[in-house]
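# Topology and contacts: notes
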Amino acid sequence: MRLRTRFVVALAAVALVLSATSLVGFTLYRDAVADKERAELQQTSQSVATQLETVLGEKRNTVRLWALQSAFRDHGSYAQREALERFVLHTAFSGASVVAANGTMTAIDATGLSNYEESRLEGRQFGDREYVERALAGETYVSDPVAAESGFRIVTVSAPVYGASGLNVVGTFNAAFHLDDGDVGNLLAATASESRGVRVRANGSRVYSAGVTGAADDVVVANATVDEVGWVVSATERRGSFEAGVSTVTHIGAAAFLLVLVSLAVFGWWLYREYVGNFERLQAGLGSLVAGDYGTTVGLSGATEWE
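Below or above, wherever it landed, is the structure these notes cover. This structure is a prediction, so every number in the text was calculated from the model and none was measured. (Residues numbered from 1 in each chain as written. Predicted model: local features only at pLDDT ≥ 70, side-chain atom pairs only at ≥ 80, totals over all residues. Heavy atoms only, no water.)

Turning next to the overall build of the chain. Looking only at helices and strands, the chain has six helices and 10 strands in total. Each of the 307 residues in the chain was classed as buried or not, and the buried ones make up 38%. The contacts of the chain with a sequence gap of at least 6 include a subset with a gap of at least 24, amounting to 54%. With an accessible surface of roughly 17,000 Å², the chain has 56% of that area assigned to carbon and sulfur atoms. (Helix = DSSP H or I, 4+ residues; strand = E, 2+ residues; numbered from the N terminus. Buried < 20%, exposed > 50% of the residue type's maximum accessible area, 1.4 Å probe, protein only. Contact = heavy atoms within 4.5 Å. Areas by Shrake-Rupley, 256 points an atom, 1.4 Å probe, with all protein chains shown as cover.)

Before going further, it helps to examine helix H5 (residues 182–189). The periodicity of an α-helix, 3.6 residues per turn, causes residues three or four positions apart to be oriented the same way. Looking at H5, one finds that the buried residues are Val184, Gly185, Leu187 and Leu188. One face of H5 carries all of its buried residues, which in axial projection span an arc of 160°. (Arc of directions from axis to C-beta.)

To continue, consider the pairing of strand S6 (residues 169–178). Counting buried residues along S6, nine of its 10 residues qualify, which places the element largely inside the surrounding structure. When strand S1 (residues 95–100) meets S6, the two strands line up antiparallel, connected through six bridges. Within S6, the residue paired with Val99 across the bridge is Thr172. Here strand S5 (residues 153–162) runs beside S6; their pairing, made up of nine bridges, is antiparallel. Residue pairing in the sheet places Ala159 in a bridge with Phe173 of S6. (Pairing = 2+ DSSP bridges.)

The end-to-end C-alpha distance of helix H2 (residues 78–90) is 18 Å, a good match for the 18 Å that 13 residues give at a rise of 1.5 Å each. Within the sequence span of H2, burial applies to Gln80, Ala83, Leu84, Phe87 and Val88. One face of H2 carries all of its buried residues, which in axial projection span an arc of 130°. Set apart from the buried face of H2 by more than 90 degrees, the exposed residues are Tyr78, Leu89 and His90. (Expected span 1.5 Å × (residues − 1).)

Here we come to the environment of Thr140. Mapped onto the elements of the fold, Thr140 is located in the loop between helix H4 (130–136) and strand S3 (141–142). Looking at Thr140, the relative accessible area reads 11%, which means it is buried. As for Thr140 and Arg60, which are separated by 80 residues in sequence, their C-alpha atoms are 6.8 Å apart. Sequence-distant contacts of Thr140, that is, excluding residues within four places in its chain, are made with Arg60, Arg64, Ser158, Ala159 and Pro160.

Moving on, we get to the nonpolar core. The biggest cluster of nonpolar side chains holds 42 residues, and the ones touching the most others in it are Phe87, Phe173 and Trp231. Tallying contributions element by element places helix H1 (residues 3–66) first for this core, with seven residues. (Core = buried A, V, L, I, M, F, W, Y, C linked by side-chain atoms within 4.5 Å.)

Moving on: the sheet that holds strand S7 (residues 196–202). The sheet built from four strands is open, its strands ordered S8-S7-S10-S9 with antiparallel pairing. The sheet is open, and its two edges are formed by strand S8 (205–211) and strand S9 (219–226), each paired on a single side. Each neighbouring strand pair of the sheet contributes to a mean axis angle of 20°, computed without reference to strand direction. Note that S7 and strand S10 (residues 231–238) share six bridges and pair antiparallel. Across the sheet, Arg196 pairs through a bridge with Glu237, a residue of S10. (Axes fitted to C-alpha atoms, helices over the stretch in contact; angles between N-to-C directions.)

So, to be careful, I would describe these as geometric facts and stop short of saying anything about function.
Quick look at the structure:
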């Protein structure tokens, strides 16, 4: 094999190895960056779900403890109505009611409702409501959000009201709060930004959204479940923002790959000029000597040792 051919083959092999190494390293790093972005988004959704579960757990405990007050057993009494007013005044709930064991609402106090509107609700049947049925069965229950006439999403927390003996259920104590504002709304809204958003789905329906909430093709989504109620929290990030970090790494990797190729080309040209070219010129000069052309002059380049 001629020297020039051997040199080209060797240089090509080195270029292939270095290029492959650079490409593999870049690909692994790019994937690591993408995985990190997804992990951070997943951590966000899990953090929101955990905090939401804590807040809902506190609300459930609050309703359970207030339901133990004896005033709630005395249906239709002034003490019952006064206890409801105190509850709404001193807690983050926007309304509360008591439903007797037969399904009749005996008292209600709600922010935004007039005395006339409250009196119209008292005496009506609510026994078919799931939150009443679950509480009458002895469960402290957190309902899925439902749309109220005010336009807000309302979540109702209900707990059983036991009789004096503490054995039989004589009614339910029900407390409602707005999903869109208050401590729950503030928690969810704090996650939203120009590039990120949060969505909450309950029973397959979206009940809350803030921040980036584009179509599936426009955002990257990470889901987490609130075990307390089964709601699904989705942290979303604009795909352009998500891919910005990966794109930066891609450009850096492409530049590094190009630099490797350029460096190899320059180094190969220098080696060829410094060694292979001189050997070829020496070979041509020696061939002239063999042919009897003793006046041949060979011009060598590079280090002085060649001269």
